[in-house]
Amino acid sequence: MSEEERGPRVVAGVSGSPGSLAALRRAAAEARRGGAELLVVIAWEPPGGDFAHRSALSPLPMATLRLDAGRRLLGALDTAFGDAGPGVPHQGLVVRGTPGRALVETADRADDLLVVGPGCRGTLHRWLFPSVARYCLAHAVCPVLALPPSPLSRELASVHRRIRLGLPLDARELTEDRS
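Residues numbered from 1 in each chain as written. Predicted model: local features only at pLDDT ≥ 70, side-chain atom pairs only at ≥ 80, totals over all residues. Heavy atoms only, no water.

Colleague: Even after reading the chapter, I still don't get the packing of helix 5 (residues 99-106) against helix 7 (residues 132-139), so can you show me in this structure?
Modeller: In helix packing, the relevant descriptors are the interaxial angle and the interaxial distance, both defined with respect to the helix axes. One can describe the packing of helix 5 onto helix 7 by two numbers: an axis separation of 8 Å at closest approach and a directional angle of 35 degrees. Relative to helix 7, the crossing made by helix 5 is right-handed. Between helix 5 and helix 7, the contacting residues are Pro99, Gly100, Arg101, Leu103 and Val104 on the first element and Val132, Tyr135, Cys136 and His139 on the second. Of the residues contributing to the contact of helix 5 with helix 7, the split by class is 6 nonpolar, 2 polar and 1 charged. (Axes fitted to C-alpha atoms, helices over the stretch in contact; angles between N-to-C directions. Helix = DSSP H or I, 4+ residues; strand = E, 2+ residues; numbered from the N terminus. Left-handed = near helix turned anticlockwise from the far one by under 90°. Contact = heavy atoms within 4.5 Å. Nonpolar A, V, L, I, M, F, W, Y, C, P; charged D, E, K, R; others polar.)

This is how it looks when you write it as structure tokens:
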């Protein structure tokens, strides 16, 4: 079957983060709108990378790590859609590798649509974990839909900062309408 006969595809990666779940929901909506198949990708690597895994005294079997990734993928689908599922034909793919590379290699056709979430915005997190969205935007051969961060994410980060610094927090501030 040629690529043209297979039909359009929408690809989304999941990690279980709120941003990846938002991307998954949006990808399902785009797949419904375009009559496309939804490919849900979770990437996994051995903890610490291949070298650290091979040199560990008693490393977990690779099959166990892959199975755990598959469970996280199913959990993300359940969290995003519940028992009803995404409402479109879909496949779950467990891919060994970094998230950005796994998504770009899966969305390898010009008529695919790759949907990515906003990722984490903290400076330390960005330094430790390169941006999946930036990698996809730089390397994808198909259109990439990058979701903006949720308006609530900034407020949640502010609350976490205040708690971490031991600053007072009035819960009424969180419920007041600021529009």
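Colleague: Which parts of the structure should I look at to understand the side chain of Thr106?
Modeller: Tracing the sequence through the fold places Thr106 in helix 5. Residue classification places Thr106 among the buried residues on the basis of a relative accessible area of 12%. In terms of polar contacts, Thr106 uses its side chain to reach the backbone carbonyl oxygen of Ala102, at 2.7 Å. Each residue touching Thr106, except ones within four places of it in the same chain, is listed here: Arg9, Val11, Leu39, Val41, Leu93, Val95 and Asp112. (Buried < 20%, exposed > 50% of the residue type's maximum accessible area, 1.4 Å probe, protein only. Polar contact = N/O pair within 3.5 Å; in protein donor to acceptor, adjacent residues only side chain to side chain.)

Colleague: I tried to follow the packing of helix 2 (residues 18-34) against helix 4 (residues 62-81) on my own but got confused; where do I start?
Modeller: Put simply, helix 2 and helix 4 touch, their axes get as near as 10 Å, and they point 70 degrees apart. Classified by the angle their axes make, helix 2 and helix 4 are roughly perpendicular. Handedness of the helix 2/helix 4 crossing: right-handed. When helix 2 is examined against helix 4, the residues Leu21, Leu24, Arg25 and Ala28 are found in contact with a partner set consisting of Ala76, Leu77, Thr79, Ala80 and Phe81. Here the contact of helix 2 with helix 4 is built from residues that sort into 7 nonpolar, 1 polar and 1 charged. (Parallel < 35°, antiparallel > 145°, perpendicular 65-115°, else oblique.)

Colleague: Is there a simple way to think about the nonpolar core in this case?
Modeller: Judged by nonpolar contacts, the single largest core of 26 residues is most densely connected at Val10, Val14, Leu24, Leu38 and Val40. If you list the elements that add at least two residues to this core, you get strand 1 (9-13), helix 2, strand 2 (37-44), helix 4 and strand 4 (113-116). Among the nonpolar cores identified, the runner-up in size contains 13 residues, and Ala102, Leu103, Ala107 and Cys136 belong to it. (Core = buried A, V, L, I, M, F, W, Y, C linked by side-chain atoms within 4.5 Å.)

Colleague: Honestly, helix 2 in this entry has me stumped. Any pointers?
Modeller: Because the α-helix completes a turn every 3.6 residues, residues three or four places apart line up on one side. Over its 17 residues, helix 2 extends 24 Å from the first C-alpha to the last, a length consistent with the 24 Å expected when each residue adds 1.5 Å. Within the span of helix 2, buried status applies to Gly19, Ser20, Leu21, Ala23, Leu24, Ala27, Ala28, Glu30 and Ala31. Summarising the contacts, the buried residues of helix 2 are in contact with strand 1, strand 2, helix 4, strand 4 and strand 5 (144-146). Following helix 2 by one or two positions, Gly35 adopts a phi angle in the positive range, close to 60 degrees. (Expected span 1.5 Å × (residues − 1).)

Colleague: Looking at this model, I keep getting lost on the pairing of strand 2. Mind explaining?
Modeller: Across a regular strand the side chains alternate sides, sitting on one face of the sheet and then on the other. Most of strand 2 is tucked away: 7 of the 8 residues are buried. Relative to strand 2, strand 1 runs parallel, the two sharing 5 bridges. Bridging across to strand 2, Ala12 finds its partner in Val40. In the classification by handedness, the crossover that spans strand 1, the intervening helix 2 and the parallel strand 2 is right-handed. (Pairing = 2+ DSSP bridges. Right-handed = clockwise from strand over helix to strand, strands pointing away.)

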